[in-house]
Amino acid sequence: MTKYIKLITTVIFLAAIITLQGCAYGSITAINNNQVVIMRQDGFLLGALRKAFVCKANTNGLTQCASLENP
């Protein structure tokens, strides 16, 4: 019985680690009339790998995106 409890605990722990390592894009802010800043949020190491992308916005979408390490 204890083997099953350890197995279930290990599976739940690994599933939590996998979901915390994903990233999401959010916090879009307009700088001027054609540039936006997009923040990439992550859960790995409490957000140690966050980045900001500065992009030009036009009618076709975002172009010329540049990455910044420490926003």
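Residues numbered from 1 in each chain as written. Predicted model: local features only at pLDDT ≥ 70, side-chain atom pairs only at ≥ 80, totals over all residues. Heavy atoms only, no water.

Another aspect to go through is the pairing of strand 2 (residues 35-42). With respect to burial, strand 2 is a largely interior element, 6 of its 8 residues being buried. In the sheet, strand 2 pairs with strand 3 (residues 51-58) via 6 bridges, with the strands oriented antiparallel. Bridging from a neighbouring strand, I38 pairs with F53 of strand 3. (Buried < 20%, exposed > 50% of the residue type's maximum accessible area, 1.4 Å probe, protein only. Helix = DSSP H or I, 4+ residues; strand = E, 2+ residues; numbered from the N terminus. Pairing = 2+ DSSP bridges.)

Turning next to the state of the cysteines. Applying the stated criterion across every chain yields a total of 1 disulfide. Across the disulfide, C55 is cross-linked to C65 (sulfur-sulfur distance 2.1 Å). Looking down the S-S bond of the C55 and C65 bridge, the torsion is 120 degrees, so its handedness is right-handed. Of this pair, C55 sits in strand 3 while C65 sits in strand 4 (residues 61-68), placing them 10 residues apart in sequence. Residue C65 is classed as partly exposed on the basis of its relative accessible area of 46%. (Disulfide = S-S within 2.5 Å.)

Geometric values such as these leave the question of function open.
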